[in-house]
Protein chains: 2
Amino acid sequence: MDNGIRPRGSTMRHKLGTGKDMDGVSTSPQRSLIAPDNPEPLWVQAAELIERQVREGVLPAGRRLPAERDLCTQLGISRVTLRRALQHLVERGVMRSSHGRGWYVAARSDREWPNSLESFTETARRKGLVPTSRVLRAEVKHASLDEADEFGVAAGADVFLLERVRMLDGVPIAVDSSRVVANLVPGLASVDFSRASLLDELVAAGAEPVVAESTIEARGCAPEHAEPLQLEPGDPVLTMSQTMTDATDRVVLVSTITYRGDRYRLRTSFVRGS
Amino acid sequence: MDNGIRPRGSTMRHKLGTGKDMDGVSTSPQRSLIAPDNPEPLWVQAAELIERQVREGVLPAGRRLPAERDLCTQLGISRVTLRRALQHLVERGVMRSSHGRGWYVAARSDREWPNSLESFTETARRKGLVPTSRVLRAEVKHASLDEADEFGVAAGADVFLLERVRMLDGVPIAVDSSRVVANLVPGLASVDFSRASLLDELVAAGAEPVVAESTIEARGCAPEHAEPLQLEPGDPVLTMSQTMTDATDRVVLVSTITYRGDRYRLRTSFVRGS
DNA sequence: AAGTGGTCTAGACCACCCC
DNA sequence: GGGTGGTCTAGACCACTTA
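Parameters at a glance
- Residues numbered from 1 in each chain as written.
- Chains lettered and ligands numbered in written order.
- Predicted model: local features only at pLDDT ≥ 70, side-chain atom pairs only at ≥ 80, totals over all residues.
- Heavy atoms only, no water.
- Helix = DSSP H or I, 4+ residues; strand = E, 2+ residues; numbered from the N terminus.
- Buried < 20%, exposed > 50% of the residue type's maximum accessible area, 1.4 Å probe, protein only.
- Contact = heavy atoms within 4.5 Å.
- Least-squares fit on C-alpha atoms with pLDDT ≥ 70 in both.
- Arc of directions from axis to C-beta.
- Salt bridge = Lys/Arg side-chain N within 4 Å of Asp/Glu carboxyl O.
- Polar contact = N/O pair within 3.5 Å; in protein donor to acceptor, adjacent residues only side chain to side chain.
- Pairing = 2+ DSSP bridges.

**What about the environment of A:Glu150?**
All names here are of chain A.
Now for step 1: With respect to the secondary-structure elements, glutamate 150 resides in helix H6 (residues 145-151).
Now for step 2: Under the relative-accessibility criterion, glutamate 150 is labelled partly exposed at 39%.
Now for step 3: With 103 residues separating them in the primary sequence, glutamate 150 and leucine 253 have C-alpha atoms 9.5 Å apart.
Now for step 4: Not counting chain neighbours up to four residues away, the residues in contact with glutamate 150 comprise Val251 and Val254.

So this is what it looks like as structure tokens:
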């Protein structure tokens, strides 16, 4: 093998399968893991290929993978790269390793738990419910002193405020109140947020959140949330406040979601240690 | 450099510093990163060394690290190993990289956020408060059908039940109700849990939890929790239910913590993506 | 153009598991 | 002892940033 990175479109550097290799990871005929024009890193492609086969049931829970060194030749990648992919799948709860024994597909229950807090949309998808929104407010206003501090902008700067009732199958579940610095995403005021995702707009505008700092607490329902949530003031609600930052450390989104206590439950799983 | 792993106690393979190297990571005189008898992986040692210097202020927030290739020679490790350490520190919120520019110490605020849900003990430490416990119940009982299912044991098997009021500076904050399969940790009934940590006992018994699946919700306070929490029934409480599993997939701990809504707030930060 | 992080490789040794 | 994952290395090319 040549050293360094091969020209991504010239060399086919592994034999590989006709749909199924042994009991291991299978690849489609005529097409290897490596899509010559795929800009994604190899380890991402490898991870996606394996995860897809797990999701589709080609690799059932508990199945042992071929040995790393075998997988390497099958996929045509180095062991370091393969292990990076597998490590990624461990973090996603898809695979588990056992020193001296091998790699195993994780139990289905492990895969159903998000490794960070499950978002409203993810919950809906997992449960097969249809998420919808009713917009209460969508307007540009001037930043208060507190908001200016949070976003790191001048007080009085334009801030877009979006307040929505989030529903599952038409049943009101939560009130989402989000704020974005207006000049980060031009044209926000003209978007129909009963359908659109605020997060998608941020990503499209090049302000993708990468870190979310969250606090979660239980409170009594505030009077202004009682009507949209069909609750009495004082009834238990779960509030999650998040501050999201992009890769350049800009605060791009500040949101507070207020869930009906009896209609929503946050889920997460995490690895303990260090 | 020789190939493979050098004998960990024979070769000193890097020059290195007299307390401070340029503006970069400093190492103590007479002692390099590599403790010959340290069984920890090199990348863990490297990560700990850097994080220590960040915590102690030797590397202030925003400071740029020396280039990877320079750090490698300073620390006497390969670039792959160094990058593994740095990647680990990214996940812990200690460092950030900028393609083409360099590595930077993350803002202090980022480091104060736990990457998984902050535990009661961690909260106490962060705030400088003293965590204490009052034991309500500590007894061995027979597993109910539900408990048997959760733990994967036979109904009627011995289960240790521990119920405590958790306090900060003497103020009641939460009621913690935990269950452990009794034969996993012999002698549990004789431990004084007003001081001891149940988690520590599990670790000592070789049943260290590695994964915790958690659900979080807001409820009205149950009658039996009203007195220990000094609340009225129906007042908002935050409940977190956790199922912890060890490396061999055994369920080792099932717990429910009920926090006073007005006295506790969960904190977490996580990386979005994929 | 030089410097820096991001990706990738081939090959080595170590530690654990099981026969 | 053979197989398997875990760690580590030296060196290469690519992509972004800065001057």
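**A closer look at the relation of the copies chain A and chain B**
Now for step 1: The operation relating chain A to chain B is a screw motion whose rotation component is 180 degrees, with 0.2 Å of axial translation and a residual RMSD of 0.2 Å. Between the two chains, the operation in question is that of a two-fold axis.
Now for step 2: Of the interface residues in chain A, 98% have counterparts in chain B that sit at the interface too, so the contact is made through matching surfaces.

**Side note on helix H5 (residues 120-127) of chain A**
Residue and element names in this part refer to chain A.
Now for step 1: Here H5 has its buried residues at Phe120, Thr123 and Ala124. Looking straight down H5, one finds that the buried residues subtend no more than 100 degrees of arc, so they occupy a single side.
Now for step 2: Packing partners of the buried residues in H5 comprise strand S3 (131-142), strand S4 (158-168), strand S5 (171-181) and strand S8 (251-260).
Now for step 3: Just past H5, the residue glycine 128 takes up positive phi, approximately 75 degrees.

**Let's talk about the pattern of salt bridges**
Residue and element names in this part refer to chain A.
Now for step 1: Across all of its chains, the model carries 30 salt bridges over all chains by this definition.
Now for step 2: Where glutamate 68 meets arginine 83, a salt bridge forms, and the shortest distance between an N and an O atom there is 2.7 Å. Separated by 15 residues along the polypeptide, glutamate 68 in helix H2 (residues 68-75) and arginine 83 in helix H3 (residues 79-91) bring together distant segments of the chain.
Now for step 3: Overall, the relative accessible area of 10% leaves glutamate 68 in the buried class.

**Looking at the side chain of B:Gln242**
Now for step 1: Relative to the elements of secondary structure, B:Gln242 occurs in strand S7 (residues 236-246).
Now for step 2: In this structure B:Gln242 comes out as buried when scored by relative accessible area, which is 7%.
Now for step 3: Here B:Ser214 takes part through its side chain, which lies 2.9 Å from a polar atom of the side chain of B:Gln242.
Now for step 4: Dropping the residues within four chain positions of it, B:Gln242 is found in contact with A:Phe270, B:Ala212, B:Glu213, B:Ser214, B:Leu253, B:Val254 and B:Ser255.

**Let's talk about the pairing of S4(A)**
Residue and element names in this part refer to chain A.
Now for step 1: Most of S4 is tucked away: 10 of the 11 residues are buried.
Now for step 2: Where S3 lies against S4, 11 bridges are found, and the strand directions are antiparallel. Residue pairing in the sheet places valine 135 in a bridge with arginine 164 of S4.
Now for step 3: Here 10 bridges tie S4 to S5, and the two strands are oriented antiparallel to one another. Within S5, the residue paired with arginine 166 across the bridge is alanine 174.
Now for step 4: Connecting S4 to the antiparallel partner S5 that follows it, the hairpin turn spans two residues, and aspartate 169 within it adopts a positive phi of roughly 50 degrees.

Keep in mind these numbers describe shape, not what the thing actually does.
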